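Structural description and commentary
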Amino acid sequence: MKNTRTKLKYIAVALGVAAAMLSADAALADQGTGRFMDVGAAAKAPVGHVGFCRENPDECKTGRDGAVVVKLDRDRWNELIAVNAEVNKRVRPVTDIELFGVEEYWTYPSDGVGDCEEYVLEKQRVLARRGWPKSALLITVVKDTNNAGHAVLTVRTDQGDVILDNQIEAVLPWYSAPYRFVKRQSVKSPAKWAAISDRRTSTVASLAD
């Protein structure tokens, strides 16, 4: 998956949208505002994640916390921003072909390098170690503005689904990202995946201009 940089103009817009989302009334979250991804039937797990689970079985066990949604207050929001920025700064983008000689290989960035999946896995690990429930930290596959596969981390909050990304520095509400969302980890089991119905058909095309 590619490590291209999305245009900087989206960052300013995204920051404003994210701030507005944080201050909005949480009671609107369940009234069809689109803050939450429409997740449906089971989907095939990415081959890279299947391999990751095979090599790291403890990371893919079903937890006991259930399908948790995190209450997003100011401290939690700032923590997401800090972790996203820290991992993006610490990990240097290198493709799987360059690192491992294969198209897809998911692992932690132990040498400080990796592609989008390594960024996502590291952010998931860091947040889990800080006490965030794993069922609220879901690896998500999208198509970027070049229609290439890309991975981001979805964080499920009471204010809506937000994403942590290595292509965009801002932490975004999912619907503000210039991507088409395809599938993500199941909230019930980290080894299983579910399809996402992303009806924002004009999003990628309009933001790619």
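The shown structure was predicted, so the numbers you read here are calculated from the model rather than taken from an experiment. (Residues numbered from 1 in each chain as written. Predicted model: local features only at pLDDT ≥ 70, side-chain atom pairs only at ≥ 80, totals over all residues. Heavy atoms only, no water.)

Right, let's get into the layout of surface pockets. Space left empty within the atom packing is revealed by a probe, the size of a water molecule, rolled over the atoms. Estimates place the volume of the largest pocket at around 230 Å³. What lines the largest pocket is a set of 20 residues, among which Gly63, Asp65, Lys134, Ser135 and Pro190 lie closest to the centre. (1 Å grid on protein atoms, 1.4 Å probe; cavity = no way out; pocket = protein on both sides within 12 Å on 5 of 7 lines; lining within 4 Å. Points joined across faces, edges and corners; volume = space filled by probe spheres on them.)

Mapped onto the elements, glutamine 167 comes out in the loop between strand 6 (160-164) and strand 7 (172-173). Within the local environment of glutamine 167, its side chain forms a polar contact with the side chain of histidine 150, the two groups lying 3.4 Å apart. Within the structure, the side chain of glutamine 167 is placed 3.2 Å from the side chain of tyrosine 179, a separation counted as a polar contact. (Helix = DSSP H or I, 4+ residues; strand = E, 2+ residues; numbered from the N terminus. Polar contact = N/O pair within 3.5 Å; in protein donor to acceptor, adjacent residues only side chain to side chain.)

This paragraph deals with the confidence of the model for the protein. Scored by pLDDT, the protein has a mean of 84; 80% of the residues are at 70 or more. Contacts from residues 22-33, a stretch scored under 50 in pLDDT, to residues over four places away or in other chains number 17 contacts. Note on residues 203-209: pLDDT under 50 across the span, and 18 contacts to partners over four residues away in sequence or across chains. (pLDDT = per-residue confidence, 0-100. Contact = heavy atoms within 4.5 Å.)

Okay, empty space enclosed by the protein next. The final tally for this structure, using the stated rule, is one cavity of 30 Å³ or more. In this model, the largest cavity occupies a volume close to 30 Å³. Around the largest cavity, the lining residues are His49, Phe52, Glu59, Cys60, Gln124, Lys134, Gln185 and Pro190.

So, about the packing of aromatic side chains. Within the structure shown, the criterion is met by four aromatic pairs. Taking 5.5 Å as the distance between ring centres and 80 degrees as the angle between the ring planes, the aromatic pair formed by phenylalanine 52 and tyrosine 108 counts as edge-to-face. Of this pair, phenylalanine 52 sits in helix 2 (residues 47-55) while tyrosine 108 sits in the loop between helix 4 (96-100) and strand 3 (113-114), and the two are 56 residues apart along the sequence. Side by side, phenylalanine 52 and tyrosine 108 carry an identical accessibility label, which is buried. Here the basic side chain of arginine 76 rests over the ring of tryptophan 132, its NZ or CZ set 4.5 Å away from the ring centre. The ring centre of tyrosine 108 lies 3.9 Å from the NZ or CZ of arginine 125, which sits over that ring. (Phe/Tyr/Trp six-rings, centres within 6.5 Å; stacked < 30°, edge-to-face > 60°. Buried < 20%, exposed > 50% of the residue type's maximum accessible area, 1.4 Å probe, protein only. Lys NZ or Arg CZ within 6 Å of the ring centre and 35° of its normal.)

Although it is not a glycine, asparagine 147 sits at a positive phi angle of roughly 65 degrees. By secondary structure assignment, the location of asparagine 147 is in the loop between strand 4 (137-143) and strand 5 (149-157).

Right, let's get into the nonpolar core. Among the nonpolar cores identified, the biggest contains 31 residues, and Leu80, Leu127, Trp132, Leu153, Val155 and Leu164 are the most heavily contacted of them. Sorting the residues of this core by element identifies helix 2, helix 3 (74-90), helix 5 (116-129), strand 4, strand 5 and strand 6 as the ones contributing at least two each. Of the residues forming this core, the biggest block, six residues, is contributed by helix 5. If we skip the residues at most four places from it in the chain, leucine 80 touches Leu72, Leu127, Trp132, Val155, Val162, Leu164 and Val171. (Core = buried A, V, L, I, M, F, W, Y, C linked by side-chain atoms within 4.5 Å.)

Time to look at the pattern of salt bridges. Under the defined criterion, the tally for this structure stands at eight salt bridges. Between lysine 134 and glutamate 59 there is a salt bridge, with its nearest N and O atoms 3.8 Å apart. Of this pair, lysine 134 sits in the loop between helix 5 and strand 4 while glutamate 59 sits in the loop between helix 2 and helix 3, and the two are 75 residues apart along the sequence. With a relative accessible area of 31%, lysine 134 lands in the partly exposed category. For glutamate 122, the salt bridge goes to arginine 90, with nearest N and O atoms at 3.1 Å. Here arginine 90 lies in helix 3 and glutamate 122 lies in helix 5, a separation of 32 residues in the sequence. Owing to a relative accessible area of 5%, glutamate 122 belongs among the buried residues under this scheme. In this structure arginine 90 comes out as partly exposed when scored by relative accessible area, which is 36%. One connected set of salt bridges, linked through shared partners, spans Glu86, Arg90, Glu122 and Arg125. (Salt bridge = Lys/Arg side-chain N within 4 Å of Asp/Glu carboxyl O.)

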